[in-house]
Structure formats: C-alpha cells, structure tokens
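# Survey of secondary and tertiary structure
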Amino acid sequence: MRRKLLLAAISAFTLALSAHAQLLTPERVFTHADTLRGSITPERSWWNLLKYELSVIPDYDKQSLSGENDLTFQAIADGQTMQIDLQDPMNLLSATWGKRTLTFAREGNVFHIHFPKPLKAGQTETIRLKFEGKPRIAVNPPWDGGWIWSKDKQGRPWMTVADEGLGASVWFPCKDHLYDEPDSGVVLSITAPDSLVAVGNGRLRDKKSNNNGTTTWTWAVVSPINSYDIIPYIGKYVNWSEQYKGLRGNLDCNFWVLDYNLEKAKPQFKQVDTMLDAFEYWMGPYPFYEDGYKLVEAPHLGMEHQSNVAYGNHFENGYLGRDLSGTGWGLKWDYIIVHESGHEWFGNSITDKDAADMWIHEGFTDYTETLFTTYMFGVEAGNDYTIGLRKNIANASNIIGTYDVNKEGSGDMYYKGANLLHMIRQIMGDSAFRGMLHGMQRTFYHQTVTTQQIEDYMSRYAGKDLSKIFDQYLRTTQIPVLVYQNSGDVISYRWGNCVKGFNMPIKVFCGGLPEKWIYPTEDWQTMPAGTDGQIILGSGGQMPPAAPAQQAGHRAPVGPGPRIQTVGATGNGSGGDGNLSVDRNFYIIMRKSG
C-alpha cells in the first residue's frame, strides 16, 4: 500500500518527471546489511517462528519505548546462533532462555544471539528479549515508516507505528523477514495512560489497571501474521461492534474511532458490509474469522494491518476525496476501506516470501478495487475503472524486484499488476477467474508464497500456459505491440516488442464481422478482414454508443447493420485506425505496418 499512496499523491506531471528521473538514476548498490535484512541467512533458516508474546510501554513525552518479547520457536535443523532483527537506535537489553542469560553481538540492525549448546532439530523453546530505545520517527507516514507520536484535534496523545517495507524491527525485536510468520499468532500487551485506549490486532483478551495511572490492554491473534502487520494504536478511542453474516457464519466487526468522530464514522463504515459481500463473492470467505475484522482510525492515511486495518481517509469516498482512475467510479466508495481490506486476502492471508514479489500483495489488492466496482456497478464500470488507472503506469522499471535484499520492484506493481490480472480475467472468463481466486485462497490459505507458485497455479487453473504473459508484464517494461497490415479482405498480424515466445490471445473486431479471439505469435498470421477491411459506421459517421453491460469480456455490435465498435487499444482513449480494433481490456499497443 505504501508506495501506491505515494504515487497517487503526486500529480501526473510530477509522475512523468519522476519516471524519466528513474531512468537516469544509477542502480542501487546493495550492502551486507541489505543481505542480512532480506535473505534467509543461516542464522534464520534453522528455526521456525511459532509465536510472539509482546509487551510494549510507549512513553509519549520521551518518545521512547520499552518492552519484552517472548519468542517461541521450533528448531527445524540443529543450530546454535540465532539472528534477531532490531533497528538502530532501538537496543536489545537482554536475551534469556529459561534461567540462562544468553550472549549476543550486534551487527548493525541485527543481533546474533548465541545458545550455550546447539539446539537439536525438533526442540521447541522460548527466549525472552528485553528492549528499549527511541524508535525512528515517521516523518511522513505511511510513506516514511517509523513510530508516530501525534496529537488529535483536541491536543491529546495519539500514537501508532507504520512499518511496511521498513520492517517491524524498527520498534521491537523479531524475525523480520516475510517468509516466516508466527504460526500461532501473537499476544500483544500495550500499556497506556488510563485516559487513553490501546487497540491491537485480533481480539481483546484482557484490560488491567496497573494502579499507577496506566492500563494494560492485551490483544491476541491466533492466525499466522506478518510482523509488519502487528500494530498498536493508542488514543482517545470509542468503539461499536456489529456482526456480518458471511460465508463462514458470523464475523465480528469492530470499529474504533476518536470520540469526536463517532457520528460521522458510523454511516461511512456501513460500506464494510458491502465490501465483505463483494470480496467474499469474488475471493471466498474473509480469511480471519477467528480474529475478527477491525477498522481503526489512524493518524495517517491507511495500512493493511491484519484484523486491525488502519483508516485515515477522513470519512469520505474516494482517495482523500479524489478518484485515482479519473473515471468517477472511484468516488462512489471509500478507497481505504476497500483497498486495505482487500489486503486481508492478498498480503495477509497469502503473503509473498520475498519483498521482490510484493506485486502479489499489491497487484491483486489493486485489482480488488475493480472487483468491488464490478460487483456494485457492473462489468463496464469495473472495466472503465481499470482502464482509468493505466494513466498512472510509468513503465520505468520492472515489477519484480531484487531478491534476498528486501527490495521491492517498481510501483507499477499496483496499476500494471491490476491490468495484468484484468487481461487474464478476459482470457479465462469471469466464472473461471472467480473460481481461481477462491481456489488460490484455499490452496495458499495463511501461507507465504513465491511468484512462481502463483504463476504456476494460475496457468494450471486456466488450462493455458500464461508464463510468457507474466514474463512480459512483470519482468520487462515493454508494452506488446500488435502489428498488423491489411490488403483487401485479408489482415495479417503478429506480436512485436515482446519477449520471445509471447503468445497472449486477444479478442478483436474487424470490419462487420463478429468479435473473435485470435492467437498472435511473433510470426505473421492472417484473418479475414470482412467488408474489405473497412469499418461501417453508424449514422452521421459516428461510432455507435457502448452496449449495455454484458458478461465480462463480451462486446457485441449494437443497432442495425454490420457495425463495429472501436475501443481503445491501450485504454487511453479511442484506438485503432478504422481497420482493426482491439478489445480495450488488454494493455497493449496497436500499430499498422507497411
């Protein structure tokens, strides 16, 4: 979410400039610290994370934290030295194993903890990590990560943290890599002043007065959870609860907002039911019934914290009142409620193993916006929304990032990733695409995955080899060109500007003939042109209006006679030259040759 928010906040002019600037920026040189952060090091690989029991005490006046993390793990191979991540200037005070004090050494943002003897494969153990310090402060959250020490409109403390990408180790000691989540979840205890409320992930287990002006709130998640999703919120919150009758029974929904925003929040948050209806239809049951669904007002725009979604969209539709697609459809729903909740399916339940594959989180979740729009307003509305997002694609660098160094790919993972999925949906058809999303949620439920696993699954489900399509759009910045030429009643066509073996099928209209699928390759093929390669226009030389919403991917000629509707090849306006027009649901370029 973080990078998309940043891109959306920039004007189209600035975005274009930044795209050119990226081309002139030297490739980043990765360091040993990047490898420690982003790879499965030997000191990480021998143990599996089972659970966190985390206690934190924020000091608002000193802008500091102290706390403990009881980390339970199982040795899956013999090992003696463990890597724990905690970013400077936070400090690890001690590490204990039962009654034994463990030695450790710091290397930048990593602590190497040594056991007095090797642990054997199969052992399950718990270590206690005590920590304190002044965590990095987020200057412009959520784009710039760190702890947030803010005040509400009435001058009362309001605290939380935003750490996607930067990592949870910015504030507590943990195994800060996406591939390993605590299998049994987390217990999070937050100590805050009595005058404030502390909200965490999952369900409230306990609220205890400490008889010293503070109260400790204990929350628990029983599902696996990304470390960057573990988030405390502290402020003058009030809440209300509702139940959603979903595919797995009753889902507890809880809403926490600042006290003075209660009345404006209640009508806005009614969209949650509609969102859940749409997403359970398209993707299957909400993945965390055991932990409930929570929407919490935050002092920043929003983030997908599991069962604890951060909301800061000012209780209005759109993205801070704007439509990222420019079509008007994005103003009919609350962007943060829809997008950030979509991450519960992709990002939180299905999680990438390496930050280089972050498109699995962001491309799919960006496309949930289209699925929601389609569910609410029809196929053509969803198509319009997706096409409108294309203007935000920079095509400056690849969507897949660099592996083993915690390096995401291009911000195009959002809009271009969504358009990639939109094309695959046209190829598969709505029924199969929806079945595939349901199947993915069952197959990879609460798991971490690679891009290759996702690609293979989608190809198997589609019954088609989609690998070259993924290569084209994820691993290059090239936009495929459908090159064609016509002579009388014959049109020749082939793919250009593409990876070797690119074979994406597309749907075309040609002359007065009905729509049809063609299967271009890099070699020339031919098809009948119909009406000698000429478009037959409607009365007055105007193209006929769009047909009413039909099944996904189907557009029929409208009105009497053998007319044909020309649509934009790239989605940025009417396309084609009057001889061949490509279905607007494919992100390609058309070019006449010869």
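Quick caveat: nothing in here was measured; it's all calculated off a predicted structure. (Residues numbered from 1 in each chain as written. Predicted model: local features only at pLDDT ≥ 70, side-chain atom pairs only at ≥ 80, totals over all residues. Heavy atoms only, no water.)

### Side note on the overall build of the chain
For the chain, the helix and strand inventory stands at 13 helices and 29 strands. Classification of the 594 residues of the chain by burial places 59% in the buried group. In the chain, the share of contacts with a sequence separation of at least 24, taken over all contacts with a separation of at least 6, comes to 68%. Of the roughly 22,300 Å² of accessible surface on the chain, a fraction of 52% belongs to carbon and sulfur atoms. (Helix = DSSP H or I, 4+ residues; strand = E, 2+ residues; numbered from the N terminus. Buried < 20%, exposed > 50% of the residue type's maximum accessible area, 1.4 Å probe, protein only. Contact = heavy atoms within 4.5 Å. Areas by Shrake-Rupley, 256 points an atom, 1.4 Å probe, with all protein chains shown as cover.)

### Remarks on the packing of aromatic side chains
Here the structure, examined in full by the defined rule, presents 41 aromatic pairs. Judged by centre distance (5.7 Å) and plane angle (75 degrees), the ring pair of Trp47 and Phe73 falls under edge-to-face. A residue pair is termed long-range when its members are at least 10 positions apart, and Trp47 in strand β1 (residues 47-59) and Phe73 in strand β2 (residues 64-75) qualify at 26 residues. Neither Trp47 nor Phe73 differs from the other in exposure class; each is buried. Taking the centre distance of 5.0 Å and the plane angle of 80 degrees together, the rings of Phe269 and Tyr311 count as edge-to-face. On the criterion of sequence distance, the pair formed by Phe269 in the loop between α5 (262-268) and α6 (271-283) and Tyr311 in strand β20 (residues 309-311) is long-range, its members being 42 residues apart. Across the pair, Tyr311 and Phe269 agree in class, each one buried. Clustering of aromatic rings is evident, with ring pairs tying together Phe279, Tyr286, Phe288, Tyr289, Tyr293, Tyr319, Trp333, Tyr335, Trp345, Phe372 and Tyr385. (Phe/Tyr/Trp six-rings, centres within 6.5 Å; stacked < 30°, edge-to-face > 60°.)

### Side note on the pairing of strand β7 (residues 110-119)
For strand β3 (residues 79-85) and β7, the ladder comprises six bridges, and the chain directions are antiparallel. Bridge pairing in β7 places Asp85 opposite Val110. Here five bridges tie strand β6 (residues 103-107) to β7, and the two strands are oriented antiparallel to one another. Paired with Phe104 across the strands is Ile113, a residue of β7. The hairpin turn running from β6 into β7, its antiparallel successor, is two residues long, and Gly108 in that turn takes a positive phi close to 65 degrees. (Pairing = 2+ DSSP bridges.)

### A look at the sheet that holds strand β14 (residues 214-221)
The eight strands lie next to each other as β5-β4-β8-β2-β1-β11-β14-β13, forming an open sheet whose pairing is mixed. At either end of the open sheet lies a strand with only one pairing partner, and these are β5 (100-101) and β13 (203-209).

### A look at the side chain of Thr41
Mapped onto the elements, Thr41 comes out in the loop between α3 (32-38) and α4 (42-45). Owing to a relative accessible area of 9%, Thr41 belongs among the buried residues under this scheme. Look past the residues within four positions of Thr41 in its chain and what remains in contact with it is Thr35, Leu36 and Gln83.

### Topic: the packing of α6 against helix α11 (residues 430-443)
Contact pair α6 / α11: the axes reach a minimum separation of 7 Å and the direction vectors enclose 95 degrees. Here α6 is positioned roughly perpendicular relative to α11, judged by the angle of their axes. Here α6 contributes Glu280, Tyr281, Trp282 and Met283 to the contact with α11, which in turn contributes Asp430, Phe433, Arg434, Leu437, His438 and Gln441. Grouping the amino acids of the contact of α6 with α11 by side-chain chemistry returns five nonpolar, two polar and three charged. (Axes fitted to C-alpha atoms, helices over the stretch in contact; angles between N-to-C directions. Parallel < 35°, antiparallel > 145°, perpendicular 65-115°, else oblique. Nonpolar A, V, L, I, M, F, W, Y, C, P; charged D, E, K, R; others polar.)

### Some details on the confidence of the model for the chain
The predicted model of the chain has a mean per-residue pLDDT of 89, with 87% of residues at 70 or higher. Considering only residues more than four positions removed or in separate chains, one finds that residues 8-26, a stretch of pLDDT under 50, has 15 contacts. Per-residue pLDDT stays below 50 along residues 532-576; that stretch engages in 95 contacts with residues further than four places along the chain or on separate chains. (pLDDT = per-residue confidence, 0-100.)

### Quick word on α6
With 13 residues, α6 should reach 18 Å at 1.5 Å per residue; the first-to-last C-alpha distance of 18 Å fits that figure. Taken residue by residue, α6 has Gln271, Val272, Met275, Leu276, Ala278, Phe279, Glu280, Trp282 and Met283 as its buried positions. Where α6 ends, the next residue or the one after it, Gly284, has phi of about 100 degrees, a positive value. (Expected span 1.5 Å × (residues − 1).)

### With respect to helix α12 (residues 451-462)
The end-to-end C-alpha distance of α12 is 16 Å, a good match for the 16 Å that 12 residues give at a rise of 1.5 Å each. For α12, the set of buried residues is Thr451, Ile454, Glu455, Tyr457, Met458, Ser459 and Ala462. Tucked inside the fold, the buried residues of α12 contact α8 (359-377), α10 (415-428), α11, β22 (447-449) and α13 (467-475). Just downstream of α12 lies Gly463, where phi reads positive at about 70 degrees.

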